[in-house]
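For reference, the chains in residue letters:
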Amino acid sequence: MKLVECVPNFSEGRDRRVLDAIAAAVTSVEGVRLLDVDPGAATNRTVFTFVGPPVAVARSAFLAIEKAVELIDMRLHKGAHPRLGAADVCPFVPLGETTIAECVELAREVGRRVGEALRIPVYLYEEAASRPERRSLSEIRRGEYESLAARLKEPAWAPDFGPARFEPRSGATVIGAREFLIAYNVNLNTDDRRLANLIAQNVRETGRPSRGADGRIAKDAAGRTIAEPGSSMLPKTRATGWYIKEYGRAQVSINLTDYKVTPPHRAFEAVEAEAARLGLRVTGSEVVGLIPLEAIRMAGRHYLARQGKTPSASESELVRAATLSLGLADAAPFDPAKKIVEYAVREAPTLGSLSLAAFLDEVASGAPAPGGGSVAALVGALSGGLSAMVAAISYGHKGFEERRDDLARLGREAHEAAARMLMAVDDDACAFDRVMEANRMPKGTEFEGRARDDAIQEATLGAIEVPLSVMKEALRALEIAAEVARLGVPAALSDAGVAALAAWTALEGAFYNVRINLPDLTDAARAARIAAQADDLLARGEPIARRTREDLRRHAGVPGA
């Protein structure tokens, strides 16, 4: 799933009218969900958090910045937080299958549009920075709004987009791309903030400050604090210690600025080790705000592997293992539906989330969708689930220790293929609906006729590409099933065989859905390329399915097999 989180900070935290207008601009774009609006009166600043598909989020970000520039007057602004302009900073954060490179492109495109359309200076920061000295937000914001007029006159500080001219009302905007920042607190069995802060100094990236003979913190020539050698344990982290009266305990409060480098479970275990050294215990932890699903999966895999279980477990099992092992419900409730980003942004129930009985009712309802394409995708997903089961059973089986790496890999790939085909259950139904909608478009005028024809071709291509993607996933599921049949325990061979047969059914069923739509594609060359691709996928799967069927019949003792 391609998702982007946007976390713009606006220099207004007191006027609800302004905040409501910005929120309305954000939510005016279809597909974008506003998850949080966090105003601060003392800082006179509000943090908005919204999520959606990349293009939609970029549109919302521009509209929100446009509204802030219209309504916020920086000449009147006073607040405790550093700031450079009305729309002070706007980072794009990758979620799901979105990459940081894609967020960099979004940041640059939105920055260009803001500079050109709103005529205000725009600086790019973090991963989107145009030069190394602009990666740091604090460096760009040095001197704040009050020094902006002077800095804009320096050639070295010409903006990346927009005019190098001071706009007193709006100031400047900083736009960038960064990895997801996880606010993560580890709970201690003490109320001593000093001990919590000592642990924080020992685990954070900057380490523990070095002190001179006079007891003062040592500084270098540039005035930066010198860290004690070897005191830094966790890269991409900031940490401090504090006491939370509400919980009656101290916490090590950590910002994980790149969870792919330092994930929560690694931070948790580092704090555990330092706490034990001081005679303390970690009682659990909490996530402040939201956390990406992959960070939870990483923790689940880690702790299941430590228990000797396969790390290639189902998503629900990974979430449960992470929640229990990290003690995420120790001090405050942890509801995955509200705390995991990908779950929080889910819309109405999908076909894939229906019960079996409800899905059967949908298929049998007489409506043309969901139809054969959705059913083929579901059968393929079931194949992946069965192969994952065989891999998991075999992983812990005595005598199969040398195969564990392969079984873990196959289980993980089976889960991934199953998840993608489960998404295609809905994608196929939606693709059919788009074809129907395009055919219902008016065609009374020449312009309407051309628009209708274009829409039909675009929708038809979508109705072809979805089952084609199912064919690719089903072929991989078939290969996985054949491999787990070879590497798995003999007692589960029939399960692996059913997985292979289900994958073949999905592959062949999706093939017919591709072929039946190809004649409606007017681009003959493209249709020929897709037909050749579909034929090749089917041809590659056929011998695997045949061999697996023959092996299964022999194993079952079928006469003549």
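Keep in mind it's a predicted model, so treat the numbers as computed, not measured.

Asks: Give a description of the overall build of the protein that names residues and reports values.
Replies: Helix and strand counts for the protein stand at 17 helices and eleven strands. Expressed as lengths along the three principal axes of its C-alpha atoms, the size of the protein is roughly 90 × 75 × 40 Å. Burial statistics for the protein: of 561 residues in total, 48% are counted as buried. Long-range pairs, those at least 24 residues apart, make up 74% of the contacts in the protein between residues at least 6 apart in sequence. Here the protein displays about 26,500 Å² of accessible surface, and carbon together with sulfur accounts for 53% of that area. Side-chain charges in the protein split into 72 positive and 76 negative, and the spacing between the mean points of these groups amounts to 5 Å.

Asks: Break down the sheet that holds strand β11 (residues 282-288) for me, with residues and values.
Replies: What the four strands build is an open sheet, ordered β9-β10-β8-β11; its pairing is antiparallel. The strands lining the two open edges of the sheet, one partner per strand, are β9 (237-244) and β11. Ignoring which end each strand starts from, the neighbouring axes of this sheet average 25° apart. When β9 meets strand β10 (residues 249-256), the two strands line up antiparallel, connected through eight bridges.

Asks: Any details on unusual backbone geometry? Residues and values, ideally.
Replies: The residue after A369, namely P370, is reached through a cis peptide bond having omega 5°. Even without being a glycine, E126 presents a positive backbone phi close to 50°. Here E126 lies in strand β6 (residues 122-126). With relative accessibility at 28%, the residue E126 sits in the partly exposed group. Positive phi, close to 60°, is recorded for K236, a residue that is not glycine. Mapped onto the elements of the fold, K236 is located in the loop between α6 (193-203) and β9.

Asks: Report on the packing of helix α13 (residues 372-395) against helix α16 (residues 493-517), specifying residues and quantitative values.
Replies: Running from N to C, α13 and α16 cross one another at 155°; their axes reach a closest spacing of 8 Å. Between α13 and α16, the interaxial angle falls into the category roughly antiparallel. Between α13 and α16 lies a crossing of left-handed hand. Contacts between α13 and α16 involve G372, G373, A376, V379, G380, S383, L386, S387, M389 and V390 from the first element and D495, A496, V498, A499, A502, A503, T505, A506, G509, A510 and N513 from the second. Across the contact of α13 with α16, the residue classes tally to twelve nonpolar, eight polar and one charged.

Asks: Residues and numbers for the side chain of E179, please.
Replies: Take E179: it is sitting in the loop between β7 (173-177) and β8 (182-188). When sequence neighbours within four positions are dropped, the list of residues in contact with E179 reads V93, P94, I100, T257, D258 and K260.

Asks: Mind laying out the packing of aromatic side chains, listing which residues take part and the relevant values?
Replies: Enumeration over the complete set of coordinates arrives at four aromatic pairs. Seen from their ring centres, F10 and F48 are 5.4 Å apart, and the 80° between their planes marks the pair as edge-to-face. Of this pair, F10 sits in strand β2 (residues 9-10) while F48 sits in strand β4 (residues 45-52), and the two are 38 residues apart along the sequence. A relative accessible area of 1% places F10 in the buried class. Here the basic side chain of R151 rests over the ring of W157, its NZ or CZ set 4.1 Å away from the ring centre. Just above the ring of Y395 sits the side chain of R404; from NZ or CZ to the centre is 4.8 Å.

Asks: Give me the pairing of strand β5 (residues 87-96): which residues, what numbers.
Replies: Burial analysis of β5 places nine of its ten residues in the buried class, which makes it a mostly covered element. Pairing analysis gives five bridges linking strand β1 (residues 2-6) to β5, with the strands arranged antiparallel. Its bridge partner lying in β5, V4 is registered against P94. Pairing analysis gives four bridges linking β5 to β7, with the strands arranged parallel. Note that in β7 the partner of V89 across the bridge is V174.

Analysis parameters
Residues numbered from 1 in each chain as written. Predicted model: local features only at pLDDT ≥ 70, side-chain atom pairs only at ≥ 80, totals over all residues. Heavy atoms only, no water. Helix = DSSP H or I, 4+ residues; strand = E, 2+ residues; numbered from the N terminus. Buried < 20%, exposed > 50% of the residue type's maximum accessible area, 1.4 Å probe, protein only. Contact = heavy atoms within 4.5 Å. Areas by Shrake-Rupley, 256 points an atom, 1.4 Å probe, with all protein chains shown as cover. Lys, Arg positive; Asp, Glu negative; His and termini not counted. Charge placed at Lys NZ, Arg CZ, Asp CG, Glu CD. Pairing = 2+ DSSP bridges. Axes fitted to C-alpha atoms, helices over the stretch in contact; angles between N-to-C directions. Parallel < 35°, antiparallel > 145°, perpendicular 65-115°, else oblique. Left-handed = near helix turned anticlockwise from the far one by under 90°. Nonpolar A, V, L, I, M, F, W, Y, C, P; charged D, E, K, R; others polar. Phe/Tyr/Trp six-rings, centres within 6.5 Å; stacked < 30°, edge-to-face > 60°. Lys NZ or Arg CZ within 6 Å of the ring centre and 35° of its normal.

None of the figures reported here should be taken as evidence of function without further support.
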